[in-house]
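So the chains spell out like this:
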Protein chains: 2
Amino acid sequence: MKTVVKKSRKQQIEEKATTLFQSRGYAATSMRNLAQDLGIEAASLYSHIKSKEEILQRICFRMAEEFYSAWQEVDEETSGNAAKMEKAMIAHVKVITKDTNASAVFFNEWRHLSEPHLSEFLAMRDDYEGRFKKILRDGMASGEFKLVDEKFMMLTILSSLNWTHNWYKPDGSLSPEEVGKRLSGLLLNGLKKN
Amino acid sequence: MKTVVKKSRKQQIEEKATTLFQSRGYAATSMRNLAQDLGIEAASLYSHIKSKEEILQRICFRMAEEFYSAWQEVDEETSGNAAKMEKAMIAHVKVITKDTNASAVFFNEWRHLSEPHLSEFLAMRDDYEGRFKKILRDGMASGEFKLVDEKFMMLTILSSLNWTHNWYKPDGSLSPEEVGKRLSGLLLNGLKKN
DNA sequence: ATCTCTTGCTAACGAACGTTAGTATGTTTA
DNA sequence: TAAACATACTAACGTTCGTTAGCAAGAGAT
């Protein structure tokens, strides 16, 4: 038995826009493109949304919320910083793989946000990155991690994780959990055999 | 004594365009934006270039050439696949850090290339990625590397390397060589202490 | 002295852009 | 049954877009 949930028109617009923003970029996607994909006229979009940028804002800030929500289970992990880092990486990858299109927009198109949304967005990103840096700092202090540059390491970890939106396919053989595990295993233990 | 090399107007245009494409994106940068930054009228640009896209093509394919050139010294490394991988990573990072703006355009704006340039670009990228995969394959066969998914590993390595364009500052304390060394050390040996 | 090359201008082109106003129709709510 | 809402339309707005045509002034080469 399949339950069909009726999606609001606004949500349909947002989903189609996500796909288009992902493949052509925000600036190169016109309201007429979007309308055509929905089978309506461009002007009709404005019965549901206030502006083109409102769509971008909704996508970006919804994703930000998802990353924050996912962090809850990370803070529950108390058995060590390596374990905590693994949990954080898995949680992060899970969010990305749940909607790779929206993730792509989140990572690539945020710069088209206008103020004050842009500043708010960047502040959230800084805060989020700070959480990863804290795990690294704690892990280095406790002797679990090698002594590395905190920021350098954080950026390297996140870039590896974030890139998954480019190649992950939901119908592939790897589950989100498995992808996160492999990535964390790799970054924590390295490629080389000892 | 400082030698001033006179740059052609075309080159000046290309450099300003690179900066603009990097910060605003290709689609969101207008020819009038570009002209204004150069202190001339938009129409005047067309005394030097054929089209807006020609600029993007020149940036993308020049970077592609640089990545290929840099590979020469990689093939000279014959003392093992771990050493070869390190060399490849350093060479790759060196190219990126030499011009982070052009690298950003190369990585983010190539999708705005029209055919047949887009296909040519993607073919080159596939070929280049194949070279990294070959080192991985050889290293796994020789027992130097752990047995991992080849494509998965290649994508993870390259995403870490490619992200450097976002944070590397030429006036910072790390040389390109040093950045490459640290990244390869990290990906080969991992974060965790044994 | 003439020619060619570089560099830039003004004026304008047709197309596409995001968006608004005003209207119509069917559906849900009171 | 009436009011409110959801959805979509046509027509058009002012703006910006990439680009072309045609012209002009100065520099370097022959």
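Because the structure is predicted, anything quoted here is derived from the model rather than measured. (Residues numbered from 1 in each chain as written. Chains lettered and ligands numbered in written order. Predicted model: local features only at pLDDT ≥ 70, side-chain atom pairs only at ≥ 80, totals over all residues. Heavy atoms only, no water.)

### Describing the overall build of chain A
Line of reasoning, step 1. Counting secondary structure elements, chain A contains 10 helices and 0 strands.
Line of reasoning, step 2. Reading chain A from its N terminus to its C terminus gives the helix and strand order α-α-α-α-α-α-α-α-α-α.
Line of reasoning, step 3. The buried share of chain A, taken over its 194 residues, is 47%.
Line of reasoning, step 4. Nonlocal contacts in chain A, meaning residues at least 24 apart in sequence, comprise 66% of its contacts between residues at least 6 apart.
Line of reasoning, step 5. When the accessible surface of chain A is totalled, it reaches about 9800 Å², and 49% of it is carbon and sulfur. (Helix = DSSP H or I, 4+ residues; strand = E, 2+ residues; numbered from the N terminus. Buried < 20%, exposed > 50% of the residue type's maximum accessible area, 1.4 Å probe, protein only. Contact = heavy atoms within 4.5 Å. Areas by Shrake-Rupley, 256 points an atom, 1.4 Å probe, with all protein chains shown as cover.)

### Quick notes on the UniProt feature "domain: HTH tetR-type" (unreviewed entry) in chain A
Line of reasoning, step 1. When the UniProt feature table is mapped onto this chain numbering, "domain: HTH tetR-type" (unreviewed entry) sits at residues 7–67 of chain A.
Line of reasoning, step 2. Summarising residues 7–67 of chain A: 66% helix, 0% strand, and an end-to-end C-alpha distance of 23 Å. (UniProt positions renumbered as here; feature names shortened; annotations may be inferred.)

### As for the interface of chain A and chain B
Line of reasoning, step 1. Facing the 38 residues of chain A at the interface are 38 residues of chain B.
Line of reasoning, step 2. Roughly 3600 Å² of surface becomes buried between chain A and chain B when both sides are summed, with 64% attributable to carbon and sulfur atoms.
Line of reasoning, step 3. At the boundary of chain A with chain B, the tally comes to 2 salt bridges.
Line of reasoning, step 4. Its salt-bridge partner being Glu109 of chain A, residue Arg111 of chain B comes within 3.0 Å of it at the nearest N-O pair.
Line of reasoning, step 5. The tally of links from chain A across to chain B stands at 9 residue pairs in polar contact (both at pLDDT 80 or more).
Line of reasoning, step 6. Within the residue set of the side of chain A that touches chain B, elements represented by two or more residues are helix H1 (9–24), helix H8 (150–162) and helix H10 (176–189) of chain A.
Line of reasoning, step 7. Considering each element in turn, the side of chain A that touches chain B owes the most residues, 7 residues, to H10 of chain A.
Line of reasoning, step 8. Partitioned by chemical class, the residues of the side of chain A that touches chain B number 18 nonpolar, 11 polar and 9 charged. (Buried area = accessible area lost by both parts, 1.4 Å probe. Salt bridge = Lys/Arg side-chain N within 4 Å of Asp/Glu carboxyl O. Polar contact = N/O pair within 3.5 Å; in protein donor to acceptor, adjacent residues only side chain to side chain. Nonpolar A, V, L, I, M, F, W, Y, C, P; charged D, E, K, R; others polar.)

### A look at the protein's contact with DNA strand C
Line of reasoning, step 1. Not every one of the 16 residues close to DNA strand C is listed here, only the nearest: Met31 and Tyr46 of chain A together with Arg9, Glu41 and Ser44 of chain B.
Line of reasoning, step 2. Take Thr29 of chain A: an N or O atom from its main chain is 3.4 Å from a phosphate oxygen of DNA strand C.
Line of reasoning, step 3. In the surface near DNA strand C, the residues fall into 5 nonpolar, 6 polar and 5 charged. (Near = heavy atom within 4 Å.)

### So, the packing of aromatic side chains
Residues and elements named next belong to chain A.
Line of reasoning, step 1. Scanning the model with the defined rule gives 26 aromatic pairs over all chains in all.
Line of reasoning, step 2. Judged by centre distance (5.3 Å) and plane angle (65°), the rings of Trp71 and Phe132 are edge-to-face. Here Phe132 lies in helix H7 (residues 117–141) and Trp71 lies in the loop between helix H3 (52–70) and helix H4 (72–75), a separation of 61 residues in the sequence. Grouping residues by exposure puts Trp71 and Phe132 together as buried.
Line of reasoning, step 3. Pairwise contacts between aromatic rings join Phe61, Phe67, Tyr68, Trp71, Phe106, Phe107, Trp110, Phe121, Tyr128 and Phe132 into one cluster.
Line of reasoning, step 4. For Arg125, the ring lying beneath its charged end belongs to Trp110, and the centroid distance is 5.0 Å. (Phe/Tyr/Trp six-rings, centres within 6.5 Å; stacked < 30°, edge-to-face > 60°. Lys NZ or Arg CZ within 6 Å of the ring centre and 35° of its normal.)

### Brief notes about the pattern of salt bridges
Residues and elements named next belong to chain A.
Line of reasoning, step 1. Within the structure shown, the criterion is met by 30 salt bridges over all chains.
Line of reasoning, step 2. Its salt-bridge partner being Lys87, residue Glu77 comes within 3.5 Å of it at the nearest N-O pair. Note that Glu77 is positioned in the loop between H4 and helix H5 (81–98) and Lys87 in helix H5, a separation of 10 residues in sequence.
Line of reasoning, step 3. Residue Glu77 is classed as buried on the basis of its relative accessible area of 17%.

### Thoughts on the environment of Val95 of chain B
All names here are of chain B.
Line of reasoning, step 1. Summarising the element assignment, Val95 is placed in helix H5 (residues 81–98).
Line of reasoning, step 2. With a relative accessible area of 6%, Val95 lands in the buried category.
Line of reasoning, step 3. Once the C-alpha coordinates of Val95 and Gln11 are considered, the two residues, 84 residues apart in sequence, prove to be 19 Å apart.

### Section: the protein's contact with DNA strand D
Line of reasoning, step 1. Around DNA strand D sit 16 residues in total, of which Glu41 and Ser44 of chain A together with Met31, Arg32 and Tyr46 of chain B are the nearest.
Line of reasoning, step 2. When the atoms of DNA strand D within 4 Å of the protein are grouped by moiety, sugar and phosphate amount to 57% of the total.
Line of reasoning, step 3. Contacts to DNA strand D include Ser47 of chain A, whose side-chain N or O atom sits 3.0 Å from a base nitrogen.
Line of reasoning, step 4. One of the backbone nitrogen or oxygen atoms of Thr29 of chain B is found 3.3 Å away from a phosphate oxygen of DNA strand D.

### Structural notes on the relation of the copies chain A and chain B
Line of reasoning, step 1. When chain A is fitted to chain B, the best match, at an RMSD of 0.0 Å, comes from turning it 180° and sliding it 0.0 Å along the axis. These values place the two chain copies in the arrangement generated by a two-fold rotation axis. The rotation axis passes nearest to the C-alpha of Gly190 of chain A in chain A, at a distance of 1.9 Å.
Line of reasoning, step 2. In this assembly, 100% of the residues forming the interface of chain A have copies in chain B that are likewise at the interface, indicating an isologous arrangement. (Least-squares fit on C-alpha atoms with pLDDT ≥ 70 in both.)

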